[in-house]
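Chain by chain, the residues:
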Amino acid sequence: MITKQEWIEKDLKYVWHPDTQMKQYEGSDFKPVIIEKGEGIYLYDTDGNKYIDGVSSWWVNTLGHSNPKLNKVLTEQAQKIEHVLLADFTHKPAIELAQKLVELAGEPFSKVFYSDDGSTAVEVALKMAYQYWYQKGRAEKRYFVSMTDSYHGDTLGSVSVGGIDIYKKIFNPLVFETLKVCAPYCYRCPKNKQQGCCNIECICEIEELFKERHNEIAAMIVEPLVQGAAGMRMYPAQYLTRLRKLCDKYDILLIDDEVAMAFGRTGKYFAFEHAGIKPDIFCVAKGITAGYIPLAATITTDKIYNTFYDDFSALKTFYHGHSFTGNPIACAVAIENLKIMREEKIIENLQPKIIKLKQCLEQFENLKHVGDVRQTGMIGAIEMVKDKNTKEPYPFVERTGHKVFKEALKNGAILRPIGNVIYFMPPLIIKNEEIEKLTKIAYNAIKTVTEMN
Ligand SMILES: *Cc1c(COP(=O)(O)O)cnc(C)c1O
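Here is what the cut-offs are and how they apply
- Residues numbered from 1 in each chain as written.
- Predicted model: local features only at pLDDT ≥ 70, side-chain atom pairs only at ≥ 80, totals over all residues.
- Heavy atoms only, no water.
- Phe/Tyr/Trp six-rings, centres within 6.5 Å; stacked < 30°, edge-to-face > 60°.
- Helix = DSSP H or I, 4+ residues; strand = E, 2+ residues; numbered from the N terminus.
- Contact = heavy atoms within 4.5 Å.
- Salt bridge = Lys/Arg side-chain N within 4 Å of Asp/Glu carboxyl O.
- Buried < 20%, exposed > 50% of the residue type's maximum accessible area, 1.4 Å probe, protein only.
- Expected span 1.5 Å × (residues − 1).
- Arc of directions from axis to C-beta.
- Near = heavy atom within 4 Å.
- Polar contact = N/O pair within 3.5 Å; in protein donor to acceptor, adjacent residues only side chain to side chain.
- Areas by Shrake-Rupley, 256 points an atom, 1.4 Å probe, with all protein chains shown as cover.
- Domains from an automatic or database assignment.
- Buried area = accessible area lost by both parts, 1.4 Å probe.
- Nonpolar A, V, L, I, M, F, W, Y, C, P; charged D, E, K, R; others polar.
- Axes fitted to C-alpha atoms, helices over the stretch in contact; angles between N-to-C directions.
- Parallel < 35°, antiparallel > 145°, perpendicular 65-115°, else oblique.
- Core = buried A, V, L, I, M, F, W, Y, C linked by side-chain atoms within 4.5 Å.
- Pairing = 2+ DSSP bridges.

1. Considerations on the packing of aromatic side chains
Item 1. Evaluated as defined, the whole model comprises 20 aromatic pairs.
Item 2. Consider the rings of phenylalanine 113 and phenylalanine 318, whose centres lie 5.2 Å apart with planes at 70°: the pair is edge-to-face. Of this pair, phenylalanine 113 sits in strand S4 (residues 109-115) while phenylalanine 318 sits in the loop between helix H11 (302-305) and helix H12 (328-343), and the two are 205 residues apart along the sequence.
Item 3. On the numbers, 5.7 Å between centres and 65° between planes, the contact of phenylalanine 263 with phenylalanine 270 is edge-to-face.

Encoded structure:
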């Protein structure tokens, strides 16, 4: 039998982990945790230790791990057809899911373009938006506007519209030029306004940019309500409402990257619902299969689609397609996800949990090194600071967040942080008492790391 020790040695010998400085494991007690099984909101390692999956395995899981209903559909679909190309061929799961997504998103959405993950869904959106203008005879509209500290994926097109240095800086010579506007980061307001009492003054900068350069701008891409990878930075829905108006006024497409936020995280199916707006194109991935297997979709309207629809000789085909476009197993799981969400009233049942999370977050305000506590729907975030008065952050290299993560792990919760931000994004099926437990573990871990040393 291979011992746990040997599995870890093999892992470190063969596997290059994502977003990970592999040298950190050298000579350290801390090694990758080998997860053997999952059930509901819990993950179990090979020693039988049980952890609350507080970050939904990187924001994907919504209905719990190894969900019996999803498992059933997954295996049943594999018995029928596991994969088939989606050009000149189709299958019932892809058709049914596309119809359901369009109906769920409502007017004016009408078309679903499948791909594999969040990054590809964004690539599709960017290319679709550019080709749209190109085919309207406006090829000069070639710039994308995005926010500082935005995150839209790790492929080069999505990195181009991204704004986080650690993901982007090295690749600056390779990415295409984009236009950046200051993100609405309310805790460190770019306009020095008091949180919660402003008129969204930060949006004026966008208006100035649009006014000056709208003839060259194809689209603005945003993460709705929460800038996830930036550290769960949150901004009010009215910002999106105002942005939609500006995009209309200056004839600029609005691309809504709902990869992390869709399917319940914010308390609604789609985050744009909070703002009462409809984007021109939106991207979904992560939670579309309840976090089960990779699948993504870029969803748009006839306004966009019709500019591609022409005789073959007109050369307006959208030449984009991935090997696993619209994979039947993934589509079947996604259909079942939507069915469970409807039948088990997942969204309706979230509302008391959102209130519970709010109550549980209050205790963090008193901690000496907690600068900001914020929440959007089922996402809660705690920003730790070295100095509460000056908001001075902990230095990046100190890895304060990672220390909290290790402490919480010992106590049964997975809270993989972003820099100095500890956040909760549990599977939506979490119960109130489990929210209490998860936040308590985090509270104690933050206190231990920031106050006892
Ligand atoms: C995770 C994420 C992506 C990238 O998705 P992948 O599936 O990791 O490629 C894109 N946009 C947002 C907002 C995300 O959170």
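2. Structural notes on the environment of isoleucine 335
Item 1. Mapped onto the secondary structure, isoleucine 335 falls in helix H12.
Item 2. Ignoring any residue separated from it by four or fewer positions in sequence, one finds isoleucine 335 in contact with Pro93, Glu96, Leu97 and Lys100.

3. Here we look at the pattern of salt bridges
Item 1. In total, this model carries 19 salt bridges according to the counting rule given.
Item 2. Note that lysine 447 and glutamate 451 form a salt bridge whose closest N and O atoms lie 3.2 Å from each other. A residue pair is termed a helical-turn pair when its members lie 3 or 4 positions apart in one helix, as lysine 447 and glutamate 451 do in helix H15 (residues 432-451) at four residues.
Item 3. Take lysine 447: its relative accessible area is 28%, and that puts it in the partly exposed class.
Item 4. Overall, the relative accessible area of 29% leaves glutamate 451 in the partly exposed class.
Item 5. Overlapping salt bridges, with partners in common, bring together Arg188, Asp372, Arg374 and Glu383 in one network.

4. Describing helix H4 (residues 92-105)
Item 1. Counted at 1.5 Å a residue, the expected span for H4 with its 14 residues is 20 Å, and the 20 Å between its end C-alpha atoms agrees.
Item 2. Looking only at H4, the buried set comprises Pro93, Ala94, Leu97, Ala98, Leu101, Val102 and Ala105. The buried residues of H4 occupy an angular sector of 155° when the element is viewed end-on, so they sit on one face. Away from its buried face, by an angle of more than 90 degrees, H4 presents the exposed residues Lys92 and Glu103.
Item 3. Those residues of H4 that are buried are in contact with helix H3 (68-80), S4, helix H10 (272-275), strand S11 (281-284), strand S12 (296-301) and H12.
Item 4. Positioned one or two residues after H4, glycine 106 has a phi angle of 80°, which is positive.

5. As for the site of the ligand
Item 1. Near the ligand you find Trp59, Asp117, Gly118, Ser119, Tyr151, His152, Gly153, Glu223, Asp257, Val259, Ala260 and Lys286, and these make up its full shell.
Item 2. In the model, an oxygen atom of the ligand is placed 2.8 Å from a nitrogen or oxygen of the glycine 118 main chain.
Item 3. A distance of 2.6 Å separates an oxygen atom of the ligand from a polar side-chain atom of serine 119.
Item 4. Protein coverage of the free-state accessible area of the ligand, which is 380 Å², stands at 83%.

6. Structural notes on the domain arrangement of the chain
Item 1. Domain annotation of the chain identifies domain 1 (33-62 + 348-450) and domain 2 (71-343).
Item 2. A straight line from the C-alpha centre of domain 1 to that of domain 2 covers 27 Å.
Item 3. Taken together, the 30 residues of domain 1 in the interface contact 27 residues of domain 2.
Item 4. Between domain 1 and domain 2, the buried area comes to about 2,300 Å², and carbon and sulfur atoms account for 59% of it.
Item 5. For domain 1, the biggest contributors to the area lost against domain 2 are Trp59, Thr376 and Lys391; these three give 26% of the whole.
Item 6. Applying the counting rule to domain 1 against domain 2 returns one salt bridge.
Item 7. In this structure, arginine 188 engages glutamate 383 in a salt bridge whose closest nitrogen and oxygen atoms are separated by 2.9 Å.
Item 8. Seen at the junction of domain 1 and domain 2, the total is 14 residue pairs in polar contact (both at pLDDT 80 or more).
Item 9. Contributing elements (two or more residues each) for the side of domain 1 that touches domain 2: helix H2 (56-59), helix H13 (346-362), strand S13 (370-376), strand S14 (379-387) and strand S17 (421-424).
Item 10. For the side of domain 1 that touches domain 2, the class distribution of residues is 18 nonpolar, eight polar and four charged.

7. Structural notes on the packing of helix H8 (residues 204-213) against helix H9 (residues 237-249)
Item 1. Relative to each other, H8 and H9 sit at 10°, their axes nearing to 10 Å. What the angle tells us is that H8 and H9 run roughly parallel. Two secondary-structure elements touch here, H8 through Ile206, Glu207 and Phe210 and H9 through Tyr239, Leu243, Leu246, Cys247 and Lys249.
Item 2. Of the residues assigned to the contact of H8 with H9, the class counts are six nonpolar, no polar and two charged.

8. A closer look at the nonpolar core
Item 1. Within the largest apolar cluster, 119 residues are counted, with the highest numbers of intra-cluster contacts made by Leu97, Phe210, Met220, Phe263 and Phe364.
Item 2. Phe113, Tyr132, Trp133 and Ile304 belong to the second-largest nonpolar core, a separate cluster that totals 25 residues.

9. Points about the sheet that holds strand S5 (residues 143-147)
Item 1. Pairing is mixed across the open sheet formed by seven strands, whose spatial order is S4-S12-S11-S10-S7-S5-S6. With partners counted over all chains shown, the strands left at the sheet margins are S4 and strand S6 (179-181), one partner each. Averaged over all pairs of adjacent strands, the angle between strand axes in this sheet comes to 20°, irrespective of strand direction.
Item 2. Direction of pairing for S5 relative to S6: parallel, over a ladder of three bridges. In the sheet register, serine 146 faces S6, and the bridge partner there is lysine 180.

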